[in-house]
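What follows is each chain in one-letter form.
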Amino acid sequence: MTTSSSLPTVKLLIDGQFVESRTSQWRDVVNPATQEVLARVPFATEAEMNAAVASAREAFKTWRKTPIGARARIFLRYQQLIRENIKELAAILTAEQGKTLADAEGDVFRGLEVVEHAAGIGNLQLGELANNVAGGVDTYTLLQPLGVCAGITPFNFPAMIPLWMFPMAIATGNTFVLKPSEQDPMVTMRLVELALEAGVPPGVLNVIHGGAEAVNLLCDHPDVKAVSFVGSTKVGSHVYQRASLAGKRVQCMMGAKNHAIVLPDAHKEQTLNNLAGAAFGAAGQRCMALSVAILVGEAREWLPELVAKARSLKVSAGTEPGADLGPLISRAALDRVSGLIERGVQEGARLELDGRNPVVAGYGQGNFVGPTLFSGVTPQMSVYREEIFGPVLCVMQVDTLDEAIALINANPNGNGTALFTRSGAAARHFQEEIDVGQVGINVPIPVPVPIFSFTGSRASKLGDLGPYGKQVVQFYTQTKTVTARWFDENEVGGPVNTTIAL
Ligand code: NAD
């Protein structure tokens, strides 16, 4: 039997050293398929958190002047190290988060792509120059790093989302303090170890652990210049307000209720497979999960086949071969999702498939909910209004594409959406009229690759610049505009000029 003292502890990273926290407040990191306690994570003390920020502030003095090629080469090495260790990273991720090993590898891989992009920073952090804006005068811009930046990440992509943040922040010349999710910090810490191995110098990347207190400290700390947040709308709105009030740049990517529209001319088999994968994969714990399907016109008749697809998915521990979806992150999440399903029934939605209390051989203790499907859902129902963040698909039925678009645009969230059709005209109409950040056309989970940036609309995003890609280069840098004239010896002298002119 393991006692709390014999369990491994998750370390803080301060000034290049992995250190044991002196806190008295700890939380267990639990395997959600088995309830095995894997490690204990500290809630860092105020002194430790301040030390992390101080270390980042000190490191910034030299890091900001490190040549761009030297910065880029660290990320070239880092992407190689992640690639070489991807199986190990996925195994850690599955153990603490629950998703299948294939999904865990995808989680790491989508982060790895951002690291590859960070290695190209030499082509990204470029200013502009206008020659002869007046006689003998040039104007040009410098994209300079801000200083200490902070990142706060959610539990559902513990590899990808930290990698959305610190590689680009550091590549642009900033230093960083990361606050991973306290629910599954272990894969994040392994990625941080690899970053140091790749050459990130002491103090350039620091990690603190904790919950609301740690987040509030980062929002308030005068030495933190920018905050990147990914998580729920409730917490993200708080972070945005608090950190903005303290004068920082803030970007918050938040909750979702992503709708798919299915037109009757869509490729049926492909569409139903895509819907089932995007609704139930990763147990619905994706901010881009398709949690509402709007069947238009005759596509309503596809409901029984959609239910059959959902029923055919295998629920088991993420390590089991053939598992399509693993457990929910915690007992609390299991209770919340089960409670919402119950409310759906009470509010009159038709429960076509009930995934509660599935029998999962060998994993009687896991936080499992199987694919669950409601039809006859209306916008007033709790299952529609709330982000369930579980394997629950709400099916709605309308007569026209425009009705479906109006429904989506009336929902407060605008994270992702997808249209399934064979009609180019319908697809174009959809892309023009829909008010959602990530738009898929016959692509169920259209997360942009890092040459673009992640985005979001309405309640799904606060701040104008998104994570990774070109936008984050703007987010993590301050533009300085220089207007320069170099006098030649013969020009020096002349009258004092008091007018505003070049
Ligand atoms: P969460 O908001 O509970 O937690 C996110 C972070 O905030 C964690 O690091 C947590 O420690 C911290 N936190 C929690 N409560 C806090 C409080 N009261 N005050 C200050 N900080 C607090 O989110 P989660 O449950 O870990 O993640 C799931 C949510 O994240 C979903 O809503 C999902 O849609 C969203 N998400 C959004 C995106 C996106 O890009 N839009 C991506 C992934 C996840």
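Remember, it's a predicted structure, so these values are computed and weren't measured experimentally.

A. Structural detail: helix 8 (residues 233-245). Given a rise of 1.5 Å per residue, 13 residues ought to cover 18 Å, and the 18 Å separating the end C-alpha atoms of helix 8 matches this to within 8%. Along helix 8, the residues classified as buried are Gly 236, Val 239 and Ala 243. Angular distribution of buried residues about the axis of helix 8 spans 60 degrees; they occupy a single face of the element. Those residues of helix 8 that are exposed and angled more than 90 degrees off the buried face are Lys 234, Gln 241 and Leu 245. On its buried face, helix 8 sits against strand 7 (148-152), helix 7 (212-220), strand 10 (224-230), strand 11 (249-253) and strand 21 (461-462). Where helix 8 terminates, the next one or two residues include Gly 247, which has phi positive at roughly 85 degrees.

B. Spatial organisation of the pairing of strand 3 (residues 26-30). With five bridges joining them, strand 3 and strand 4 (residues 37-42) adopt antiparallel strand pairing. Residue Arg 27 lies in a different strand from strand 4, and its bridge partner there is Val 41. Hairpin remark: strand 3 followed by strand 4, antiparallel, with six residues in the connecting loop; positive phi at Gln 35, about 70 degrees.

C. Expanded view of helix 5 (residues 160-171). With twelve residues, helix 5 ought to run about 16 Å at 1.5 Å a step, and its terminal C-alpha atoms sit 17 Å apart, in line with that. Within helix 5, twelve of the twelve residues are buried, which leaves it mostly tucked inside the rest of the structure. Where helix 5 is concerned, the buried positions are Met 160, Ile 161, Pro 162, Leu 163, Trp 164, Met 165, Phe 166, Pro 167, Met 168, Ala 169, Ile 170 and Ala 171. Taken from the residues just after helix 5, Gly 173 is the one with a positive phi, measuring 105 degrees.

D. Structural view of empty space enclosed by the protein. According to the stated counting rule, one finds one cavity of 30 Å³ or more in the structure shown. The wall of the largest cavity is formed by 14 residues, among which Gly 284, Ala 289, Ser 291, Glu 387 and Phe 389 lie closest to the centre. A breakdown of the residues in the lining of the largest cavity according to their chemical character gives seven nonpolar, four polar and three charged.

E. Summary view of the environment of Arg 249. Here Arg 249 shows up in strand 11. Assessed through its relative accessible area of 26%, Arg 249 is described here as partly exposed. Residues within four places of Arg 249 in sequence aside, it is in contact with Leu 146, Lys 225, Ala 226, Val 227, Gln 474, Phe 475, Tyr 476, Thr 477 and Gln 478. At 3.0 Å, the side chain of Arg 249 and the backbone oxygen of Gln 474 are in polar contact. Among the polar contacts listed, one links the side chain of Arg 249 to the backbone oxygen of Phe 475, at a separation of 2.8 Å.

F. A look at the site of the ligand. Neighbouring residues of the ligand: 27 residues in total, closest Thr 153, Lys 179, Glu 182, Ser 232 and Glu 387. Lys 179 has a polar side-chain atom sitting 2.7 Å from an oxygen atom of the ligand. Relative to its free-state accessible area of 840 Å², the ligand is covered by the protein chains to the extent of 86%. Listing elements by their share of the shell around the ligand, those giving two or more residues are helix 5, helix 7 and strand 10. By residue class, the composition of the shell around the ligand is 16 nonpolar, eight polar and three charged.

Criteria and cut-off values
Residues numbered from 1 in each chain as written. Predicted model: local features only at pLDDT ≥ 70, side-chain atom pairs only at ≥ 80, totals over all residues. Heavy atoms only, no water. Helix = DSSP H or I, 4+ residues; strand = E, 2+ residues; numbered from the N terminus. Expected span 1.5 Å × (residues − 1). Buried < 20%, exposed > 50% of the residue type's maximum accessible area, 1.4 Å probe, protein only. Arc of directions from axis to C-beta. Contact = heavy atoms within 4.5 Å. Pairing = 2+ DSSP bridges. 1 Å grid on protein atoms, 1.4 Å probe; cavity = no way out; pocket = protein on both sides within 12 Å on 5 of 7 lines; lining within 4 Å. Points joined across faces, edges and corners; volume = space filled by probe spheres on them. Nonpolar A, V, L, I, M, F, W, Y, C, P; charged D, E, K, R; others polar. Polar contact = N/O pair within 3.5 Å; in protein donor to acceptor, adjacent residues only side chain to side chain. Near = heavy atom within 4 Å. Areas by Shrake-Rupley, 256 points an atom, 1.4 Å probe, with all protein chains shown as cover.

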